[in-house]
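Fold and contact review
Single-letter residue listing:
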Amino acid sequence: MKNTMILIAILSAITVFSQKKSKDIDRKWWKEAVVYQIYPRSFKDTNGDGVGDLKGIISKLDYIKSLGINAIWLNPIFESPNADNGYDISDYQSIMKQFGTMDDFNTLLKDAHQKDLKIILDLVVNHSSDEHKWFQESRKSRDNPYRDYYHWWPAEKGKPAFRPGAFEADGSGWRYDKTTNSYYLHYFNFKQPDLNWENPKVRQEIYSMMRFWLDKGIDGFRMDVIPFISKDTNFPVITQADLDKNYHGRWDVYMGEGPHLHDYLKEMNKEVLSKYPNAMSLAEGAGMLKSTALNFVDPARHELNMGYHFEGTNLGYVPRYFKKSGPYKLTDFKKIYTDWDAVYKEKGWGTTYLGNHDQPRMVSRWGNDSEQFRAPSSKMLTTFLLSMTGTPYYYYGDELGMTNIKFDKIEDYRDIEVFAEYDKVKNAGGDLKEFIENQKTGGARDNGRTPMQWNEKENAGFTTGTPWLKVNANKSEINVLDEEKNPNSTLNYFKKMTKTRRENLALIYGKYTLVDEPNEQIYAYTKELDGKKLLVVLNFSDKEAKLNSDLDLKNAKILIENYPSDNKTGTFQPYEAVIYQLK
Ligand code: NOJ
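Treat the numbers as computed from the prediction; the structure is a model and nothing was measured. (Residues numbered from 1 in each chain as written. Predicted model: local features only at pLDDT ≥ 70, side-chain atom pairs only at ≥ 80, totals over all residues. Heavy atoms only, no water.)

Notes on the overall build of the protein chain
Here is the rule we go by: The numbering of helices and of strands both runs from the N terminus, where a helix is a DSSP run of H or I of at least 4 residues and a strand a run of E of at least 2. As a reference, a globule follows 2.2 Å times the number of residues to the power 0.38, and the radius of gyration itself is taken over C-alpha atoms. Under the scheme applied here, a residue whose accessible area is under 20% of the maximum for its type counts as buried, over 50% as exposed, and between as partly exposed, the area being computed with a 1.4 Å probe on protein chains only.
Scanning the protein chain from N- to C-terminus turns up 20 helices and 22 strands. Compactness check: the protein chain gives a C-alpha radius of gyration of 24 Å against a globular reference of 25 Å for 583 residues, within 12% of the reference. Its C-alpha atoms give the protein chain principal-axis dimensions of roughly 85 × 65 × 50 Å. When burial is assessed residue by residue, the protein chain has 61% of its 583 residues classed as buried.

Here it is as structure tokens:
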């Protein structure tokens with residue numbers, strides 16, 4: 001009896017001791033922020049050229065503020081020939097003419113800061129545009145001072161060893177250039193030559209450009225494919241066997257583990273980021289694995305703050321005819337997010353996202369975009385995103401429940417990637433009809449890039465001209481104006497959810513524990529902080545579902561729910577989402 005009492009006392013001491021406390025947390029604004037991502041081309045056009053602009057974003061800052069978000073990440077806004085919509089930069093220190101001027105940017109920054117909104121810019125420095133003056137010089141002659149700003153392979157050495165080029169129909173990352181009888185490297189399209197980070201001059205140019213923007217007062221960078229920057233410049237032959245043995249069979253993992261990657265990130269931190277301690281840095285984690293993620297974001301290493309992985313968004317894609325989206329098992333989905341949560345349990349900081357400019361729309365991909373379930377499933381996914389530990393990145397238009405556009409013709413698309421994939425299928429004599437069908441639910445990035453739906457009028461109030469990409473016909477049901485008026489709209493739910501996250505530190509920093517793991521319909525987890533315990537229940541299915549758990553729902557308080565049901569029964573309607581505060 002006495003021994004049992006001692007054991008109980010020890011166990012409860014351990015429990016109290018192991019409880020997560022906010023006073024022990026290294027609190028940071030970028031951990032507590034909800035980041036709203038804007039694709040500037042598609043947000044709001046003010047000059048009638050059919051392309052969104054900075055003045056358009058400025059004109060919508062009150063709307064953005066009303067969402068309850070804290071930071072805006074802008075996809076690239078710099079001068080660019082737009083082969084890949086700004087991910088091919090020809091001048092890093094000027095604004096793309098279609099988007100406006102530096103004065104517009106200065107106004108945007110000032111107005112956003114006045115509203116307590118941070119501005120994050122996209123740093124695209126694995127590659128530049130082939131129209132950047134560095135590359136224009138570099139390709140002129142083998143002894144040009146800019147020659148080694150890029151990776152060249154003299155043709156007399158034969159063909160260089162294969163490297164993948166993502167937006168090329170032949171899949172090759174090398175392009176032959178007649179002027180100097182050499183090949184240059186491009187991990188994406190031939191209009192995006194890879195910068196040579198092994199050259200210290202290149203690195204210094206990039207650091208000074210970063211300081212230029214940070215000195216203006218921006219609040220951080222999202223770093224495009226940053227794991228790819230360092231290369232073995234001998235470009236050895238990499239066989240499938242090498243890939244299988246050392247890189248999980250994956251090129252992106254190989255490309256994401258270049259020899260000096262972390263030396264360069266440390267140097268960038270020392271020369272730039274450490275001088276602006278309030279600014280945040282986010283690695284786009286191409287090729288990043290659970291086993292390597294902390295190499296980027298462990299604070300003791302002085303590299304970056306956060307990274308985002310691709311495991312979540314890759315789930316359920318079938319490679320046949322470019323990312324056909326297949327059904328996914330909820331237990332797999334849960335495992336991915338649970339395992340990634342564990343990566344950052346002790347140190348570092350994660351992120352969560354379900355959509356962005358490289359993905360189909362969140363509700364079409366992870367929820368259900370039928371008329372019946374679009375609203376509840378959008379709200380359910382929002383509840384997931386904003387209740388996970390780690391910073392949520394939320395894509396413009398998802399707050400309305402915007403859906404995939406599902407084009408029937410290749411001519412409607414604008415994206416370089418979909419054209420390259422289409423050509424691959426065509427050249428291989430594949431089924432182009434099937435390809436187009438697959439894009440409706442699958443990989444096509446334009447699904448997530450259609451203009452913001454402000455109202456039901458022509459072009460959804462996005463432009464008075466001809467939009468660069470068609471507006472979704474469902475603008476009459478899904479738009480800001482109508483949703484602002486409807487208290488039960490997807491939009492108003494998003495606002496409630498940002499408030500709920502703000503008011504409950506446990507959602508941001510709490511200890512995450514999966515509940516009812518084998519359930520194939522419900523994703524449920526608790527979040528605990530300072531002795532407060534929240535339970536998030538998300539029905540990911542279009543059928544009623546039962547939660548198997550002995551947690552006491554009867555006496556719990558409901559913090560937010562997407563059906564007006566005051567549901568304490570343990571059974572959940574299709575796509576129902578509830579957050580409980582447990583007694
Ligand atoms: C990742 C970006 O998110 C994508 O949009 C772009 O095409 C590639 N990197 C190349 O910059």
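Next comes the rest of the account.
Brief notes about the sheet that holds strand E8 (residues 182–185)
The condition is simple: A pair of strands is labelled paired if DSSP reports no fewer than 2 bridges between them. Here, axes are lines fitted to C-alpha atoms. For helices the fit covers the stretch in contact, and angles between N-to-C directions go from 0 to 180 degrees.
An order of E6-E8-E7 is seen for the 3 strands of this open sheet, with the pairing classed as antiparallel. Two strands lie at the open edges of the sheet, namely strand E6 (152–154) and strand E7 (174–177), each paired on one side alone. Neighbouring strand axes in the sheet, compared pairwise and without regard to direction, differ in orientation by 30° on average. Alignment of E7 against E8, held across 4 bridges, turns out to be antiparallel. Each residue of the ladder has a partner; that of Arg175, found in E8, is Tyr184.

What to know about the layout of surface pockets
Rule in force here: Put plainly, a pocket is an open set of points on a 1 Å grid over the protein atoms alone with protein on both sides within 12 Å along at least five of seven lines, a cavity is a set where a 1.4 Å probe fits but cannot get out, and a lining residue has an atom within 4 Å of a point. Grid points are joined across faces, edges and corners, and a volume is the space filled by probe spheres set on the points. Each residue gets one label: Ala, Val, Leu, Ile, Met, Phe, Trp, Tyr, Cys and Pro are nonpolar, Asp, Glu, Lys and Arg are charged, and the others, such as Gly, are polar.
Taken as a whole, the largest pocket encloses approximately 1,200 Å³ of empty space. Forming the walls of the largest pocket are 41 residues, and the residues nearest its centre are Ala166, Phe310, Phe322, Lys323 and Glu417. For the lining of the largest pocket, the secondary structure elements donating two or more residues are helix H8 (240–246), helix H9 (251–255), helix H12 (311–314), strand E12 (317–318) and helix H16 (416–427). Across the lining of the largest pocket, the residue classes tally to 19 nonpolar, 11 polar and 11 charged. Around the second largest pocket, the lining is made up of 46 residues, and of these Lys31, Pro299, Lys347, Gly348 and Trp349 lie nearest the centre. Of all elements in the fold, only helix H2 (29–32), strand E10 (280–284), strand E11 (306–308), helix H13 (330–343), strand E14 (351–352) and strand E16 (511–515) reach the threshold of two or more residues within the lining of the second largest pocket. Sorting elements by how many residues they give to the lining of the second largest pocket places H13 first, with 3 residues. Residue composition of the lining of the second largest pocket, grouped by class: 19 nonpolar, 15 polar and 12 charged.

A look at the pattern of salt bridges
Just so we agree on the cut-off: In what follows, salt bridge is the name for a side-chain nitrogen of Lys or Arg lying within 4 Å of a carboxyl oxygen of Asp or Glu.
Evaluation of the coordinates by the stated rule reveals 40 salt bridges. Across the pair Asp412 and Lys409 runs a salt bridge whose closest N-O atoms are separated by 3.9 Å. Overall, Lys409 belongs to the partly exposed group, its relative accessible area being 42%. Members of the salt-bridge network, linked through shared partners, are Asp84, Asp358, Asp415, Glu417, Arg445 and Arg449.

Regarding the side chain of Glu576
Cut-off, in case you're wondering: In this tally, Asp and Glu contribute negative charge and Lys and Arg positive charge; neither His nor the terminal groups of the chain are included. Polar contacts, as used here, are pairs of N or O atoms within 3.5 Å; protein pairs need one atom able to donate a hydrogen and one able to accept it. Residues neighboring in sequence count only if both atoms are side-chain atoms. Should any heavy atoms of two residues lie within 4.5 Å, those residues are counted as being in contact.
With respect to the secondary-structure elements, Glu576 resides in the loop between strand E21 (571–572) and strand E22 (577–581). Within the buried set, Glu576 has no salt-bridge partner at all; the shortest N-O distance to an opposite charge, 11 Å, is to Lys379. Engagement of the side chain of Glu576 in a polar contact is seen with the backbone nitrogen of Gln573, the distance being 2.8 Å. Setting aside anything within four residues of it in sequence, one finds Glu576 in contact with Met380, Val537, Leu538, Asn539, Asn562, Tyr563, Ser565, Asn567 and Thr571.

Side note on the site of the ligand
Rules: Residues are counted as near a molecule or strand when any one of their heavy atoms sits within 4 Å of it. The Shrake-Rupley method, run with a 1.4 Å probe sphere, supplies the accessible areas, and residue values consider only the shown protein chains as cover. In this scheme, a molecule is assigned to a cavity or pocket if more than half of its atoms are within 2 Å of the grid points.
Within the structure, the ligand sits among 13 residues, and Asp84, His127, Asp224, His357 and Asp358 are positioned closest to it. For the ligand, an oxygen atom lies 3.0 Å from a polar atom in the side chain of Arg222. The protein chains hide 97% of the 290 Å² of surface that the ligand would expose on its own. In this structure, the ligand is accommodated by the largest pocket. Considering only residue class, the shell around the ligand consists of 4 nonpolar, 2 polar and 7 charged.

Notes on the packing of aromatic side chains
In plain terms, the rule: The pairing test for Phe, Tyr and Trp rings, Trp by its six-membered ring, is centres within 6.5 Å, and the orientation test on the planes gives stacked under 30 degrees, edge-to-face over 60, and tilted for anything in between. Any Lys NZ or Arg CZ found within 6 Å of a ring centre and within 35 degrees of that ring's normal is scored as a charge over the ring.
The full count for this structure, using the stated rule, is 48 aromatic pairs. With a centroid separation of 5.4 Å and an interplanar angle of 65°, the aromatic rings of Trp134 and Tyr149 are classed as edge-to-face. Of the two residues, Trp134 is situated in helix H6 (residues 133–138) and Tyr149 in the loop between H6 and E6; the sequence distance between them amounts to 15 residues. A ring pair is formed by Tyr247 and Tyr254, whose centres lie 5.2 Å apart and whose planes are at 90°; its orientation type is edge-to-face. By the ring-pair criterion, three or more aromatic residues cluster together here, those being Tyr328, Phe333, Tyr337, Trp366, Phe384, Tyr512, Tyr523, Tyr525 and Phe540. Taking NZ or CZ as reference, Lys118 lies 4.7 Å from the ring centre of Trp29, over its face. Stacked on the ring of Tyr396, the Lys or Arg Arg361 has its end atom at 4.8 Å from the ring centre.

Overview of the environment of Gln98
Along the chain, Gln98 turns up in the loop between strand E4 (91–95) and helix H5 (102–114). On a C-alpha basis, the gap between Gln98 and Asp552 in space is 56 Å, while along the polypeptide they are 454 residues apart. Dropping the residues within four chain positions of it, Gln98 is found in contact with Arg41, Asp49, Val51, Gly52, Asp53 and Asn82. A distance of 3.3 Å separates a polar atom in the side chain of Gln98 from a polar atom in the side chain of Arg41.

Here we look at the packing of helix H15 (residues 374–385) against helix H19 (residues 490–503)
Operational definition: Any angle from 65 to 115 degrees is called roughly perpendicular, while one under 35 is roughly parallel, one over 145 is roughly antiparallel, and all others are oblique. A crossing counts as left-handed when the near helix is turned anticlockwise from the far one by less than a right angle, and as right-handed when that turn is clockwise.
Packing of H15 against H19 leaves a shortest axis separation of 10 Å and a crossing angle of 20°. The pairing of H15 with H19 is recorded here as roughly parallel in orientation. Considering only the axes of H15 and H19, their crossing is right-handed. Where H15 abuts H19, its residues Ala375, Ser378, Lys379, Thr382, Thr383 and Leu385 lie against Thr490, Tyr493, Phe494, Met497 and Arg501.

Section: the UniProt feature "domain: Glycosyl hydrolase family 13 catalytic" (unreviewed entry) in the protein chain
Note the threshold: UniProt positions are given in the numbering used here, feature names are shortened, and annotations may be inferred rather than shown by experiment.
When the UniProt feature table is mapped to this numbering, "domain: Glycosyl hydrolase family 13 catalytic" (unreviewed entry) covers residues 37–445. Between the first and last C-alpha atoms of residues 37–445 the distance is 15 Å; the span itself is 33% helix and 13% strand.

Description of empty space enclosed by the protein
Where empty space is left becomes clear once a probe the size of a water molecule has been rolled over the atoms. Tallied over the full model, the rule gives 2 cavities of 30 Å³ or more. Reported here for the largest cavity is a volume of approximately 40 Å³. Around the largest cavity sit Tyr39, Pro40, Arg41, Asn75, Pro76, Asn85, Met96 and Phe99, which together line it. Classifying every residue of the lining of the largest cavity by side-chain character gives 5 nonpolar, 2 polar and 1 charged. Forming the walls of the second largest cavity are Phe78, Tyr92, Asp122, Leu123, Met209, Trp213 and Phe221.

What to know about the sheet that holds strand E9 (residues 220–223)
Strand order across the open sheet formed by 8 strands is E11-E10-E9-E5-E2-E1-E15-E14, with parallel pairing between neighbours. Every interior strand has two partners, whereas the edge strands, E11 and E14, have only one. Here 4 bridges tie strand E2 (residues 71–74) to strand E5 (residues 118–123), and the two strands are oriented parallel to one another. Each bridged residue has a counterpart across the sheet, and for Leu74 the counterpart in E5 is Leu121.

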